[in-house]
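These are the residues of each chain, in order.
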Amino acid sequence: MSFDSHTKPSFRNMDILISNWSSVRSLPESYIFPAERRPGTHNIPASKDIPIIDLARINGHGRYQVIQQIIEACQDFGLFQVINHGVSRELMDQTMALFKQFFASPAPFKARFYSNDLNASCRLYTSTLNYENEEVHYWRDNLTHRCRPLEDHINHWPDDPPHYRKVVAEYSIEVGKFLSTILELICDGLGLESQYFEGEISKNQLVSVNHHIPCPDPSLTIGMQAHCDPNLISMLQQGDVCGLQALKDGQWIGVEPLPNAFVVIPGLQLRVISNGKLASAVHRVVTDSKESRTTIGSFLVPSNNVLIRPADCLIGSSGMLYRGYTYQEFFDTFTSNNCEAETALECFKV
Ligand code: OGA
Ligand code: NI
């Protein structure tokens, strides 16, 4: 197997997509992490403590309680699960099936979408966008769709099977509505003026699909390194294979794949806007030796020029924890600091 890299899409560099590997008996050396960065105990049981919030209760008397649960979950765990979120099981399953089919498609079809361009309407890549320069690769392929405005991007998405675009578009609209609802509840819970999270601050939406084939040795490598999401807010449809873990009080805990649920993870921008009141969970993905794992992430991302700063009403007696910045400034700092949240945030602390 050749790992030569080329900047232009070609069949050679399609060799680097793990979804194109038919069988892998031993872990290629370029995936073996140095001992201190290995996952350690990777098969951690799912935690029963992560809050599961029932959104069916927001219409009526339950709304206040749901808001409290969300705010507490953000403070205690920096993530939570949501059931009765309003997106139909049928649409979830149909979308998941299409993405699994995509990763199982022949290499020449997938080659059309291979790209390292952050602004591409649809980009397929492996490990990270920094594949050529990184020392060790992550055991994952990723397909990211830009979704807003839909008409600018949809014609660049995969078109086989023919209903792919229609279904993924509907999915993106429905999960977009769900994320807006969660943001409204957070907005209420923080006491921010209504519509605080509308407009430029949540302008961009991405649907980002991670795919991991069975891994010969999950103890030596990782699907995604420990990280915080840099955006405003993220959600995940996990599928049915374990792999997502979150850091809680210095320990990794498993996030149970619940077939009907979405996992919600506040992004680092919510931590800053809330002046440190809400946490953004450190999370990672471990690999599985037997099963392929496909997850659908959806992210709301601010426009590059939007100014982000702690909300006035949350600057209490301890003052403003972070200075204002543009999202572009934050993202550049984040990526140039190896996507390490604490190091990046340090640059904006007052
Ligand atoms: C992410 C992420 C987790 C998963 O894409 O940022 O954390 O389970 N994904 O795929
Ligand atoms: Ni993440």
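Residues numbered from 1 in each chain as written. Chains lettered and ligands numbered in written order. Predicted model: local features only at pLDDT ≥ 70, side-chain atom pairs only at ≥ 80, totals over all residues. Heavy atoms only, no water.

## Overview of the site of ligand 1
Let me state the cut-off plainly: Note on definitions. A residue lies near a molecule or strand when any single heavy atom of the residue is within 4 Å of it. Think of a polar contact as two N or O atoms within 3.5 Å of one another; within protein, one of them needs to be a possible hydrogen donor and the other a possible acceptor, and neighboring residues in sequence only count if both atoms come from side chains. Each accessible area is a Shrake-Rupley result for a 1.4 Å probe, and residues are judged covered by the shown protein chains and nothing else. Helix numbering and strand numbering both begin at the N terminus, where a helix is a DSSP run of H or I of at least 4 residues and a strand a DSSP run of E of at least 2. Ten residue types, Ala, Val, Leu, Ile, Met, Phe, Trp, Tyr, Cys and Pro, are classed as nonpolar, four, Asp, Glu, Lys and Arg, as charged, and the remainder, Gly among them, as polar.
In the neighbourhood of ligand 1, the contacting residues comprise Asn 210, Met 224, His 227, Asp 229, Leu 236, Leu 244, His 283, Val 285, Arg 293, Thr 295 and Phe 299. Within the contact set of ligand 1, an oxygen atom lies 2.9 Å away from a side-chain nitrogen or oxygen of His 283. With the chains in place, 96% of the 290 Å² that ligand 1 exposes on its own is no longer accessible. Elements with a minimum of two residues in the shell around ligand 1: β6 (224-227), β11 (283-285) and β12 (293-301). For the shell around ligand 1, the leading source of residues is β12, giving three residues. Across the shell around ligand 1, the residue classes break down as five nonpolar, four polar and two charged.

## Quick look at the state of the cysteines
Cut-off, in case you're wondering: In this description, the term disulfide denotes a pair of cysteine sulfurs within 2.5 Å. Under the scheme applied here, a residue whose accessible area is under 20% of the maximum for its type counts as buried, over 50% as exposed, and between as partly exposed, the area being computed with a 1.4 Å probe on protein chains only.
Scanning all chains against the criterion turns up zero disulfides. No disulfide involves Cys 74; its sulfur sits 13 Å from the nearest other cysteine sulfur, which is in Cys 187. Here Cys 74 falls in the buried class, since its relative accessible area comes to 0%. With no disulfide of its own, Cys 122 lies closest to Cys 147 among cysteine sulfurs, the gap being 9.5 Å.

## Some remarks on the side chain of His 137
Filter applied, for reference: Note on contacts: a residue pair is in contact if any heavy atoms of the two residues lie within 4.5 Å.
Here His 137 is to be found in the loop between β3 (122-126) and β4 (141-146). Among the polar contacts listed, one links the side chain of His 137 to the side chain of Tyr 131, at a separation of 3.4 Å. Reaching out from His 137, the side chain makes a polar contact with the side chain of Glu 134 at a distance of 2.6 Å. Excluding residues that lie within four positions of it along the chain, His 137 makes contacts with Ser 30, Tyr 31, Phe 33, Ser 127, Tyr 131 and Thr 221.

## Let's talk about unusual backbone geometry
Omega for the peptide link from Arg 148 to Pro 149 comes to -15 degrees, which places this bond in the cis form. Along the chain, the position of Pro 149 falls in the loop between β4 and α5 (150-153). Note the cis peptide between Asp 160 and Pro 161, where omega equals 0 degrees. Relative to the helices and strands, Pro 161 is located in the loop between α5 and α6 (164-190). If you check the backbone angles, Asn 338 has positive phi at about 60 degrees while not being a glycine. Judged by relative accessible area, Asn 338 falls into the exposed class, the value being 60%.

## Quick word on the packing of aromatic side chains
Worth spelling out the cut-off: Note on ring pairs: Phe, Tyr and Trp rings are taken, using the six-membered ring of Trp, and paired if centres are within 6.5 Å. Classes follow the plane angle, with under 30 degrees stacked, over 60 edge-to-face and the rest tilted. For a lysine, the NZ atom is tested; for an arginine, the CZ atom; a charge sits over a ring if that atom is within 6 Å of the ring centre and within 35 degrees of the ring normal.
Across all of its chains, the model carries 17 aromatic pairs by this definition. Each ring, one from Tyr 325 and one from Phe 348, has its centre 4.5 Å from the other, and the planes form 45 degrees; the classification is tilted. Pair noted here: Tyr 325 is in strand β14 (residues 325-326) and Phe 348 is in the segment after α9 (341-346), with a separation of 23 residues, a long-range link. The structure contains a cluster of three or more aromatic residues connected by ring pairs, namely Tyr 325, Tyr 327, Phe 330, Phe 331, Phe 334 and Phe 348. Above the face of the Phe 77 ring, Lys 248 is positioned so that its terminal group lies 4.6 Å from the ring centre. Arg 284 extends its terminal NZ or CZ atom over the ring of Trp 252, reaching a point 4.2 Å from the ring centre.

## A short note on the coordination of the nickel ion (ligand 2)
The test is simple: Water is not among the atoms examined, so metal sites may look incomplete; donors are the N, O and S atoms within 2.8 Å of the metal, or within 3.2 Å for Na, K and Ca.
Looking at the nickel ion (ligand 2), the protein donor atoms are His 227 (NE2), Asp 229 (OD) and His 283 (NE2), and they sit 2.1 Å from it. Written as a sequence motif, the donor arrangement for the nickel ion (ligand 2) is H-x1-D-x53-H. With His 227 in strand β6 and His 283 in strand β11, this residue pair connects regions lying 56 residues apart in the sequence. Residue class for His 227 comes out buried when judged on its relative accessible area of 15%.

## Details of the environment of Arg 112
Tracing the sequence through the fold places Arg 112 in the loop between α4 (107-111) and β3. Residue classification places Arg 112 among the exposed positions, given a relative accessible area of 54%. Arg 112 sits 87 residues away from Arg 25 along the chain, and the two C-alpha atoms are 28 Å apart. Within the structure, the side chain of Arg 112 is placed 3.4 Å from the side chain of Asp 159, a separation counted as a polar contact.

## Observations concerning the UniProt feature "domain: Fe2OG dioxygenase" (unreviewed entry) in the protein
Stated formally: UniProt positions are given in the numbering used here, feature names are shortened, and annotations may be inferred rather than shown by experiment.
This chain's UniProt record puts "domain: Fe2OG dioxygenase" (unreviewed entry) on residues 202-302. Taken end to end, residues 202-302 has its terminal C-alpha atoms 5 Å apart, with 6% of it in helix and 44% in strand.

## A closer look at the sheet that holds β11
To keep things clear, this is the line we draw: Whether two strands pair depends on DSSP finding at least two bridges between them. Axis angles are defined between N-to-C directions and span 0 to 180 degrees, where every axis is a line fitted to C-alpha atoms and, for a helix, only to the segment in contact.
Read from one edge to the other, the open sheet built from four strands follows the order β6-β11-β8-β9, with strand pairing classed as antiparallel. Looking at the sheet topology across the chains shown, the edges are occupied by β6 and β9 (251-254). With strand direction ignored, the average angle separating the axes of adjacent strands in the sheet is 25 degrees. The sheet contact formed by strand β8 (residues 244-248) and β9 spans four bridges and is antiparallel. By the bridge assignment, Gln 245 is partnered in β9 with Gly 254.

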